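# Results of the structural survey
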Amino acid sequence: MESHDEERAKKEEASKHAGVKKRAAEKKRMGDERKEENTGDGVMGGGGMGGGSMGGGMGGGSMGNSPVMESSRQPYVEDKRAAPAAAKEARPIKGMSLGTKNKKSDIAKVLKEENIVAREEEADALVDAPSSSTPSGPAVPTENVHVVVEEQLVIHVENDGGLQSMEIKGGLSVTCYDSALSRVKVSVNMGDNKAFQIRKHPLVDKAAFSNGTLQLKEGARAFPTAAPAGILRWNVQTKDDSMLPLSINCWPSQGADGQSIINMEYELLAPFELHNVSIAVPVPAGGAPVVTSVDGMYEVNAREKVLYWKHPIIDQGNKSGSMEFSTPRADPSSFFPLQVKFTASKTFFDVEVLDVLSEETSKPVKYSQLTQLTVDQFEIV
């Protein structure tokens with residue numbers, strides 16, 4: 001498993017790549033502007049700018065030095081070239097807008113000219129690199145014994161903040177890829193899990209389990225080869241909002257000039273960090289949403305009529321954040337339900353795998369482990 005420092009290093013590297021691509025795109029845009037000026041055409045390039053000074057399909061406002069993240073989705077882009085006064089009044093946006101792609105060949109050419117890469121194939125690889133909110137980590141190395149601890153969440157929250165229901169389901173499974181290692185025992189340390197209902201597999205030895213060891217009963221068949229065997233399960237259903245991993249507040253209000261103003265905020269409540277956080281907000285038809293401030297990144301999918309508020313990671317360093325955007329006036333209920341997704345490498349059920357031992361020799365067996373939490377459904381209605 002990767003350490004926290006290694007994971008942050010990978011995020012920094014991904015951010016560096018995004019900045020490199022932004023520099024290349026900016027240089028290409030400046031070159032296009034010079035060409036247009038030479039031909040007497042006074043219209044700026046950049047694929048439909050949103051009132052700022054940067055190309056790449058930015059949302060309304062200036063982005064400072066923030067890199068532009070690319071997306072295959074087509075965002076709303078408001079053309080303010082016909083209304084320069086309105087453009088000057090736009091508030092700066094702190095976060096990033098996920099814009100449309102520039103031509104790959106042009107950006108790759110600039111990367112090569114700037115000596116950012118040495119070979120053309122390296123430039124193509126950098127341009128083609130996915131620009132998702134969080135860089136995908138490497139696959140977990142799998143040893144001949146692989147232990148998986150996983151949980152899934154189903155959460156329903158009222159838009160006034162009250163928790164309707166929350167369900168946590170989880171389990172621990174063992175996969176043996178070598179038949180010679182199909183008789184192993186897993187030593188675990190379990191904390192205070194009084195809120196959970198816990199069930200072990202009927203073939204797991206009860207006395208050993210009470211001492212923190214998951215092993216099959218004497219005389220029971222061995223673990224199957226190359227197939228995961230679930231040996232422990234747990235679940236809890238609750239209306240205790242103190243167990244929520246993330247608090248989200250969405251507050252639509254009526255503004256001036258026939259607009260709806262939507263203020264949003266989040267706060268991390270879980271005792272662990274969340275990854276790949278995405279908060280999907282429905283936006284009514286009739287006009288493009290205009291984001292005036294945002295912590296993190298945002299993307300508008302015009303076809304789905306959804307604004308995505310994204311965070312690669314939420315931890316103690318950014319445990320709270322906010323966003324504000326406006327739309328043509330709409331009923332407050334049209335901005336619900338919100339759909340929330342994230343992942344984590346910790347679980348609510350407190351269990352730690354300490355070791356895997358051979359039943360026959362009680363000697364340690366080399367093993368790999370994956371711990372993951374995912375969201376099946378998290379909606380705010």
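Before reading on, note that the structure itself is shown above.
Let me sum up the structure you'll find in this document. (Residues numbered from 1 in each chain as written. Predicted model: local features only at pLDDT ≥ 70, side-chain atom pairs only at ≥ 80, totals over all residues. Heavy atoms only, no water.)

## Concerning unusual backbone geometry
Omega for the peptide link from phenylalanine 336 to proline 337 comes to 0°, which places this bond in the cis form. Relative to the helices and strands, proline 337 is located in the loop between β15 (320-328) and β16 (338-344). Although it is not a glycine, aspartate 257 sits at a positive phi angle of roughly 60°. Along the chain, the position of aspartate 257 falls in the loop between β9 (246-254) and β10 (259-268). In the Ramachandran plot, asparagine 276 falls in the positive-phi region, its phi being about 50° despite a non-glycine side chain. (Helix = DSSP H or I, 4+ residues; strand = E, 2+ residues; numbered from the N terminus.)

## With respect to the nonpolar core
Counting residues in each nonpolar core, the largest one holds 69 residues, and the members touching the most others are Leu172, Met264, Phe325 and Phe378. Not counting residues up to four positions away in its chain, the partners in contact with phenylalanine 325 are Ser260, Ile261, Ile262, Met264, Val281, Val283, Pro289, Val290, Val291, Thr292, Leu307 and Phe335. (Core = buried A, V, L, I, M, F, W, Y, C linked by side-chain atoms within 4.5 Å. Buried < 20%, exposed > 50% of the residue type's maximum accessible area, 1.4 Å probe, protein only. Contact = heavy atoms within 4.5 Å.)

## Description of the sheet that holds strand β5 (residues 184-190)
Read from one edge of the open sheet, three strands run β7-β5-β17, paired in antiparallel fashion. Because the sheet does not close on itself, it has two edges, and the strands there are β7 (213-214) and β17 (351-358). Relative to β7, β5 runs antiparallel, the two being bridged by two bridges. Pairing of serine 187 across the sheet is with threonine 213, part of β7. (Pairing = 2+ DSSP bridges.)

## A few points about the pattern of salt bridges
In the structure shown here, the tally under the stated rule is four salt bridges. When the shortest N-O distance is used, the salt bridge between lysine 169 and glutamate 167 registers 3.8 Å. Exposure remark for lysine 169: the relative accessible area of 46% places this residue in the partly exposed category. When the shortest N-O distance is used, the salt bridge between arginine 183 and glutamate 359 registers 3.2 Å. Separated by 176 residues along the polypeptide, arginine 183 in the loop between β4 (163-176) and β5 and glutamate 359 in the loop between β17 and β18 (367-380) bring together distant segments of the chain. Overall, the relative accessible area of 26% leaves arginine 183 in the partly exposed class. Since its relative accessible area comes to 23%, glutamate 359 is described here as partly exposed. (Salt bridge = Lys/Arg side-chain N within 4 Å of Asp/Glu carboxyl O.)

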